[in-house]
Structures are given as C-alpha cells and as structure tokens.
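The lines below spell out each chain.
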Amino acid sequence: MQKIAIVILNWNGASLLERFLPSVTQFSNEADLYVADNASTDNSIAFIKEHYPDISIVQNKENGGFAKGYNDALQHIDADIYCLLNSDVEVTENWLNPIQEIFSLNSKTAIVQPKILDLKQRTHFEYAGAAGGYIDQFGYPFCRGRIFQALEEDQGQYNDTKEIFWATGACMFIKKDVFNELQGFDEAYFAHQEEVDLCWRAKNKGHKVFYVGASHVFHMGGSTLSNMNPKKTYLNFRNSLFSITKNLPRRKAFPIIFMRLLLDAVAGARFIFQLKFSHCFAIIKAHFSFYWNFRQMYKKREKVNFMSNYYITKSIVWDHFVHHINNFNILVKD
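Residues numbered from 1 in each chain as written. Predicted model: local features only at pLDDT ≥ 70, side-chain atom pairs only at ≥ 80, totals over all residues. Heavy atoms only, no water.

Participant: Summarise the pattern of salt bridges; cite the residues concerned and give the values.
Facilitator: Considering all chains together, one arrives at 15 salt bridges under this definition. A salt bridge links R201 to D197, with the nearest nitrogen and oxygen atoms 3.0 Å apart. Note that R201 and D197 are positioned in helix α6 (residues 194-204) at a spacing of four residues, about one turn of the helix. We classify R201 as buried; its relative accessible area is 9%. With a relative accessible area of 0%, D197 lands in the buried category. One network of salt bridges, with partners in common, ties together D186, D197, R201, K246 and K300. (Salt bridge = Lys/Arg side-chain N within 4 Å of Asp/Glu carboxyl O. Helix = DSSP H or I, 4+ residues; strand = E, 2+ residues; numbered from the N terminus. Buried < 20%, exposed > 50% of the residue type's maximum accessible area, 1.4 Å probe, protein only.)

Participant: Run through the pairing of strand β2 (residues 31-37), naming residues and quoting values.
Facilitator: A large share of β2 lies buried, amounting to six of its seven residues. Of the pairings in the sheet, the one linking strand β1 (residues 4-10) to β2 comprises seven bridges and is parallel in character. Paired with N10 across the strands is D37, a residue of β2. Pairing of β2 with strand β3 (residues 56-59), which is carried by four bridges, proceeds in the parallel orientation. Across the sheet, residue A36 finds its bridge partner in β3, namely V58. In this fold, the crossover linking β2 to β3 by way of helix α2 (residues 44-51) has right-handed handedness. (Pairing = 2+ DSSP bridges. Right-handed = clockwise from strand over helix to strand, strands pointing away.)

Participant: Let's hear about the nonpolar core: which residues, and what values?
Facilitator: By size, the foremost hydrophobic cluster in this structure holds 77 residues, and its most contacted members are I111 and F185. Those residues in contact with F185 that lie beyond four places of it in its chain are F66, A67, Y70, N71, L84, M172, F179, E194, E195, L198 and R201. Residues F47, Y52, V89 and F103 belong to the second largest nonpolar core, which totals 30 residues. (Core = buried A, V, L, I, M, F, W, Y, C linked by side-chain atoms within 4.5 Å. Contact = heavy atoms within 4.5 Å.)

Listed below in structure tokens is the structure:
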C-alpha cells in the first residue's frame, strides 16, 4: 500500500481546524497528517499542539497563497501520494480506500479527486470540484454537477470512476513523483485555477486524472474567498488566460486568447447589467495583468505533445446562458 500524507494548508484558520480536524483524524488512520501553516498570526499552531499533538506541523515563512504554500511545505514531507486537503473539508468513513485502489489499479493515474458535496446543503454537489472538472474550448472551467452557479442534486448520477480533465484543489490526491516532475504549482497564480494548470500540464505529459465517486467529502467553500468575490473573479479570469498561454500549441492559443477578449467583454457587460461593477472592473484588471505577464507565461511553455482533445464542449458560456443547460449529462448528450 502506498504511503499517503494528508496535508492541510492553513492560514489563520484556527476555527476551521477546530471544526474539521475531528473527522480527518477519525477517518484517516491509513495516512500521516500534516498541517502546512502559511505564517498564521492567530492561535492555529498553539491549538494543534495542544489538541492534536500527533499531527505534524510544517511552518512556512510567509503566506504565499495556495500555490507557494503547498510548494514550500511539500518539500519537507515524505510520502508516495500527497492529499492536498482544504481546512474546511469534512471527510467521511472509508474515504481513502477507493482512492488508494485506483492508484494501485492504474499505473498512469497521477491525480485523483473524490466526490465533493456541499456541507451547507449536503444533498447537492459543491462548487469547487463537484464530480470532476472540465474546461471548454476557451478555457472556462466547469464540473460534472456544477455549471457556473448551477449546482446539481446528488442522486447517484456520478457514482462512477471516470477520467476527468482537472481535479479540485479542495481535495486533490497527487503522486509525489508527478508533483515533483511538474515542479509543483505555478506560484504566479497565487490562488484559483492553479489546479487546472497543474492537471493540464500533467495530461500534456501523458498522465491521467481521475474522479472516484465511491469516495466523498463535504466542503464548506468560500472560507477564503466566496464564489462571487471580485478578487476571485479577477484571479479566475486572469489565471485561465495564463493556462491557455502555457498549455496549448501556438496555432490554437492565440486565436483562443483573441476570442477570450470578446467573451470576457460580454461577461463584463453582463456584470454591469447586474450592477456588479466591481466584478466588471476585476475582469478588466485581469486582462491587464495577463498582458503584463504574457511574456513570462509564454516562456513557461514546455516542449510536449499538447493535447488536441482537451475540451468536451466548444462553449460552456453559450450552452449555459443561451441554451440554459444546467445539467452536465444533458450537456454531454447535446
């Protein structure tokens, strides 16, 4: 059996650790537990030492966000498989066994996620990951069980094991060797969609990403940034443009970036009509940041066989906002 290290990234999350560590410690006997602390200024470290002395602590020197936080911490952790687990996730009994099984059955399996359900509405999928991630032709992410803000009820429709495009950073299992081969997360992302980029780079190198519906966890979500926070809008729009630049061949990347100028402008106009002016400004800011960093991102392109079939629908924006498709299975049928 491969050695698993569950690594919870924490920044000033003492209250979250108090609420969610009990389920992790109760149902994760097969794994070693770590908290990677991003230079917290609250009593997180003291709380862990007092109440969970068996949990190892890795203290980062600064708060480098999700990407740098994990890159720094994982250098000090020895395991065959890392489980990157958000501090606001409640795990369930027997959640690790199905994950271990798929790593054992398929040697090309590099990254895995379980079913992500909503802690606040336990019958429904949760925004960050749901039943596995995909992107459309223009780099917009969506999930089985979640298309934009439309969340499906879990009725067993995704109780399968399936290869997906990206796995959620809320609960991602990744082989240590693959993480090191990819040189970890791209720290320029800071937070949001760095897991999409990581999975895309892994798939460009021939690795596989899977969803395992036999394992499920409950994610509270929004503990760092809510789904409709302008800063999250900024990071999501900018970082998806980063990923397109890095992970597609030039003949595809440049036309798609041009189309994104138009599509993101439409998104900005929609925010204006909704009187969400801060989100429109966040999109504009995202594009300027992308242009400023374009050369840096372009230099990160690797000499690999870029995936040609990276998307399952040309435009999730068109499917959702024009054809009003809220269900992934309907989307696939169309």
